[in-house]
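Working through the structure, step by step
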Amino acid sequence: MDTGLGDHGLTARGFGPVALGILIGLVSLLVLTQLSQRADRTYDEATAIRVEGRRVLTLYDRTTPTSVLGSGWTAPVRGEGSWSTAPEAHLNPPTSSFDGEVLVSLTLASPPRQQPVTVRLGDAVLGAWTPSSHREETVTFVAPRSLRAHSYDLQLVLEAGDAPLRIVKVVTKVR
């Protein structure tokens, strides 16, 4: 029986691989479309460090590089942050490469207590914060230009004493 396809016709045996190829192509296209539509949401949900010109946001409730978290902290917990595990907890939040002093805003939480949490950069005390509630609080300090590391990271030490301290985010802005 002549199908009109000649020798170039599609046999039942040849149809399977062609159909599989088409199916793989459609699934790939669907996945790429979904990923492109979710790009903004993925940025918001998964990125631990966001650089926006002179401003750098570091989220400590995301997968955070160990070098940024420093010693004295638990692994980050999604939607919660990282808890201090030692009287001195180290943070190394990145800053932009612009020159100048750095405004450092820390979003922290800790049980209310009379003992302040001291924030140091090297040997210099940037300031102190005394928790007033169980909720997150943002405290801001100025890091002088002369105290910045060559890598543009800040090597902060939070002296929290014996009460646990939770870090949620750090925003640095060079001015």
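The following refers to the structure shown. (Residues numbered from 1 in each chain as written. Predicted model: local features only at pLDDT ≥ 70, side-chain atom pairs only at ≥ 80, totals over all residues. Heavy atoms only, no water.)

Mapped onto the elements of the fold, D99 is located in the loop between strand 4 (88-91) and strand 5 (102-109). Distance in space between the C-alpha atoms of D99 and R148 is 9.5 Å, their sequence separation being 49 residues. Once you skip the residues sitting within four places of it in the chain, D99 turns out to touch R54, R145, R148, V174 and R175. Reaching out from D99, the side chain makes a polar contact with the side chain of R145 at a distance of 2.8 Å. (Helix = DSSP H or I, 4+ residues; strand = E, 2+ residues; numbered from the N terminus. Contact = heavy atoms within 4.5 Å. Polar contact = N/O pair within 3.5 Å; in protein donor to acceptor, adjacent residues only side chain to side chain.)

Before going further, it helps to examine the sheet that holds strand 7 (residues 124-129). The strand order across the open sheet formed by four strands is 4-9-6-7, and the pairing between neighbours is antiparallel. Only two strands of the sheet have a single neighbouring strand rather than two, namely strand 4 and strand 7. If you compare each strand with its neighbour and ignore which way they point, the axes differ by 25 degrees on average. Bridging between strand 6 (residues 117-121) and strand 7 involves five bridges; their strand directions are antiparallel. Bridge pairing links V119 to G127 in strand 7. (Pairing = 2+ DSSP bridges. Axes fitted to C-alpha atoms, helices over the stretch in contact; angles between N-to-C directions.)

Looking now at the pattern of salt bridges. With the rule as written, the count across this model stands at seven salt bridges. Note that R175 and E101 form a salt bridge whose closest N and O atoms lie 2.9 Å from each other. Linking R175 in the segment after strand 10 (166-174) with E101 in the loop between strand 4 and strand 5, this pair joins segments that are 74 residues apart in sequence. Between E159 and R120 there is a salt bridge, with the nearest N and O atoms lying 2.5 Å from each other. Of the two residues, E159 sits in strand 9 (residues 156-159) while R120 sits in strand 6, which places them 39 residues apart along the sequence. Among the residues examined, R120 registers a relative accessible area of 15% and is labelled buried. Where salt bridges share partners, they join E88, R120 and E159 into one cluster. (Salt bridge = Lys/Arg side-chain N within 4 Å of Asp/Glu carboxyl O. Buried < 20%, exposed > 50% of the residue type's maximum accessible area, 1.4 Å probe, protein only.)

This part covers the side chain of R62. The residue R62 is located in the loop between strand 2 (55-59) and helix 3 (66-69) in this model. Residue R62 is classed as buried on the basis of its relative accessible area of 14%. At a separation of 2.5 Å, a polar atom in the side chain of R62 contacts the side chain of D61.

Take the nonpolar core next. In terms of nonpolar packing, the biggest core is built from 26 residues, with L91, L106 and L156 touching the most fellow members. Those elements that provide at least two residues to this core are helix 3, strand 4, strand 5, strand 6, strand 7, strand 8 (137-143), strand 9 and strand 10. Per element, the largest residue contribution to this core is four residues, and it comes from strand 5. Discounting residues that sit within four places of it in the chain, L91 has contacts with Y60, V68, L69, W73, L106, L154, Q155, L156, L158, I167 and V170. (Core = buried A, V, L, I, M, F, W, Y, C linked by side-chain atoms within 4.5 Å.)

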